[in-house]
Amino acid sequence: MEITAQMVKELRESTGAGMMDCKKALSEADGDVQKAVDILREKGLGQAAKKADRLASEGLVSVEVCEHCKRATISEINSETDFVARNPQFQALTKDTTAHIQAKGITSVEELNESTLNGVKFEEYFKTQIATIGENLVVRRFETISADEKGVVNGYVHSNGRVGVLIGAACQSKEVAQKAAEFIRNLCMHAAAMKPTVISYKDLEKDFVEKEFIALKAELEKENEELKRLGKPLHHIPRFASRSQITPEILAGVENEIKEELKAEGKPDKIWDKIIPGKIERFYADNTILDQRLTLLGQFYVMDDKKTIEQVVAEKSKELGGKIEIVKYVRFELGEGLEKKVDDFAAEVAAQIG
């Protein structure tokens, strides 16, 4: 397959790799861009595809949380330009639509179009808004999460309206759920900034973890070459990437290694119990980089970067007098997954609304 300059340019923009490396990877992948991305990453030459560089959507993400934090809805409505996204009428449209979706329990765009808002069929109402605002608009996606009396949900939308998050938690009691609402909102703010993709390492597929581990090691080894040249401290090359790879047998082996080290250092047996937990914690920190990048519970909390979200949730559970478990997580970033073809998002929106 012929490798065009445009293909090389797009791969370079999406991975940050050099031009010749991109051309070689595309040739090796027979023009398959995704395969070329994987080849570059396995060689430590490219970052994960930076989707933001390939997106051309505008609009707003909106979040609506009910008064008692039992229902929360998030939506994304696209416009053609950022100018319209700053229009008060468009902002009101997104807020009203999100509130309507929550109030009526709507679960699909088709159901939304058939529903009635202010005595008018929503589809007709929306077309009127398009005509008034003067751009093609589309309700791209939305989701609502709910909680029972022992649960709590909350949400957060960043001030620029481009990122929104919902989080739902199951609590030990109704009282704990009532007290936890503000804490859950703070976790939403963390997730908006730090971009976890799933709640826990348990949600990561085994094949995905193994593939990412190869890319991670290559990335760190490549960076070490430059750090060595500059005379700077080198990255530690991890033995694992995720807690999902660390079995009880492996952990037992690590503990034995620590004991041997302490013995060799001449540390008295009676203080080992105070030292070992900290060293195990360090082992996890060094060998769960993928969890720290992609999982909510595995990330270090932006408001206390010495603790993971998992540790912070455990501490808050103790403080409030009952267990809190994160059970639902939704994050919308404006335009994610919408790839521009020839910088013509207007055509894409038009196609979506038929």
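Structure first, text after, so check above.
Here we summarise the structure given alongside this text. Remember, predicted model here, so these are calculated numbers, not experimental data.

## Examining the overall build of the protein
Consideration 1: Counting secondary structure elements, the protein contains 15 helices and 10 strands.
Consideration 2: Referenced to the eigenvectors of the C-alpha coordinate spread, the extents of the protein come out at roughly 80 × 65 × 30 Å.
Consideration 3: Within the span of the protein, comprising 354 residues, buried residues form 43% of the whole.
Consideration 4: Of the side-chain charges in the protein, 52 are positive and 61 negative, and the distance between the mean point of each set is 4 Å.

## Quick notes on the environment of Thr98
Consideration 1: Residue position: Thr98 is located in helix α5 (residues 88–104).
Consideration 2: Separated by 35 residues in sequence, Thr98 and Val63 have C-alpha atoms that sit 7.0 Å apart.
Consideration 3: Excluding its chain neighbours within four sequence positions, the residues that come into contact with Thr98 are Ser62, Val63, Glu64, Thr73 and Ser75.

## Quick look at the sheet that holds strand β2 (residues 71–79)
Consideration 1: With antiparallel pairing, three strands are arranged side by side in an open sheet as β1-β2-β5. Two strands in the sheet have a free side with no partner beyond their single neighbour: β1 (58–65) and β5 (138–146). Within this sheet the neighbouring strands show an average axis-to-axis angle of 10°, counted without direction.
Consideration 2: Pairing between β1 and β2: eight bridges, direction antiparallel. Its bridge partner lying in β2, Glu64 is registered against Thr73.
Consideration 3: Along the sheet, α5 contacts β1, β2 and β5; its crossing angle with β1, the most-contacted strand, is approximately 40°.

## Section: the sheet that holds strand β6 (residues 151–157)
Consideration 1: The sheet built from three strands is open, its strands ordered β6-β7-β10 with antiparallel pairing. The open sheet is flanked by β6 and β10 (324–333), the only strands paired with a single partner. Pairwise comparison of adjacent strand axes, ignoring direction, gives a mean angle of 15° for this sheet.
Consideration 2: Across the sheet, helix α9 (residues 181–194) lies against β6, β7 (163–171) and β10, angled at about 40° from β6, the strand it touches most.

## Structural notes on unusual backbone geometry
Consideration 1: The backbone of Cys69 sits at a positive phi, close to 55°, despite the residue not being glycine.
Consideration 2: Of note in the backbone geometry, Lys195 takes a positive phi value of approximately 60° without being a glycine.
Consideration 3: Secondary-structure assignment places Lys195 in the loop between α9 and α10 (206–229).

## Examining the pattern of salt bridges
Should their charged atoms come close, side chains of opposite charge can pair.
Consideration 1: All chains considered together, the criterion is met by 23 salt bridges.
Consideration 2: Its salt-bridge partner being Arg141, residue Glu76 comes within 2.7 Å of it at the nearest N-O pair. Taken together, the residues span a long stretch of sequence, with Glu76 in strand β2 and Arg141 in strand β5 at a distance of 65 residues. With respect to class, Glu76 is no different from Arg141; both count as buried.
Consideration 3: The partner of Glu255 in a salt bridge is Lys259, with the nearest N and O atoms 3.9 Å apart. Note that Glu255 and Lys259 are positioned in helix α11 (residues 248–264) at a spacing of four residues, about one turn of the helix.
Consideration 4: You can call Glu255 partly exposed: its relative accessible area is 31%.
Consideration 5: Judged by relative accessible area, Lys259 falls into the partly exposed class, the value being 30%.
Consideration 6: Three or more residues are tied together by salt bridges with common partners; here these are Glu76, Arg140, Arg141 and Glu336.

## A few points about helix α7 (residues 122–133)
Consideration 1: A rise of 1.5 Å per residue sets the reference length of α7, with its 12 residues, at 16 Å; its end C-alpha atoms lie 16 Å apart and thus fit the reference within 8%.
Consideration 2: Inspection of α7 places Phe122, Tyr125, Phe126, Gln129, Ile130 and Ile133 among the buried residues, and these make up the whole buried set. Relative to the axis of α7, the buried residues are bounded by an arc of 145° and lie together on one face.
Consideration 3: Just beyond α7, the residue with positive phi is Gly134, at close to 90°.

## Regarding the packing of helix α1 (residues 5–15) against helix α2 (residues 19–28)
Consideration 1: In the contact formed by α1 and α2, the axes pass within 9 Å of each other and the chain directions differ by 115°. The angle between the axes of α1 and α2 places the two elements in the roughly perpendicular class. Crossing handedness for the pair α1 and α2: right-handed. For the pair formed by α1 and α2, the contact residues are Met7, Val8, Leu11, Arg12 and Thr15 on the first element and Met19, Cys22, Lys23 and Leu26 on the second.
Consideration 2: Of the residues in the contact of α1 with α2, the class split is six nonpolar, one polar and two charged.

Thresholds, definitions, all that
Numbering of residues begins from 1 in every chain and follows the order in which that chain's sequence is written. This being a predicted model, a pLDDT of at least 70 is required before a residue's local features are given, and a value of 80 or more before pairs of side-chain atoms are given or counted; all residues contribute to the totals for chains, interfaces and linings. Side-chain numbers here rest on the full set of heavy atoms in the structure, without hydrogens or water. Helix and strand definitions follow DSSP, with helices as H or I runs of at least four residues and strands as E runs of at least two, each counted in order from the N terminus. Only protein chains enter the accessibility calculation, which uses a 1.4 Å probe; a residue is then buried when its area is under 20% of its type maximum, exposed when over 50%, and partly exposed in between. The sign given to each residue is positive for Lys and Arg and negative for Asp and Glu; His and the chain ends receive no count. Charge coordinates come from a single atom per side chain, which is NZ of Lys, CZ of Arg, CG of Asp or CD of Glu. Should any heavy atoms of two residues lie within 4.5 Å, those residues are considered in contact. Paired strands are those between which DSSP finds at least two bridges. To get an axis, fit a line to the C-alpha atoms, keeping to the stretch in contact for a helix; angles then go from 0 to 180 degrees between the N-to-C directions. The rule for a salt bridge is simple: a side-chain nitrogen of Lys or Arg has to be within 4 Å of a carboxyl oxygen of Asp or Glu. For a helix, the expected span equals 1.5 Å multiplied by the number of residues minus one. The reported arc concerns the directions from the helix axis to the C-beta atoms and nothing else. Orientation labels follow simple angle bins: below 35 degrees gives roughly parallel, above 145 gives roughly antiparallel, 65 to 115 gives roughly perpendicular, and whatever is left gives oblique. Here a crossing is called left-handed whenever its near helix is offset anticlockwise from the far helix by less than a right angle, and right-handed whenever the offset is clockwise. When residue character is reported, Ala, Val, Leu, Ile, Met, Phe, Trp, Tyr, Cys and Pro are called nonpolar, Asp, Glu, Lys and Arg charged, and the others, Gly included, polar.

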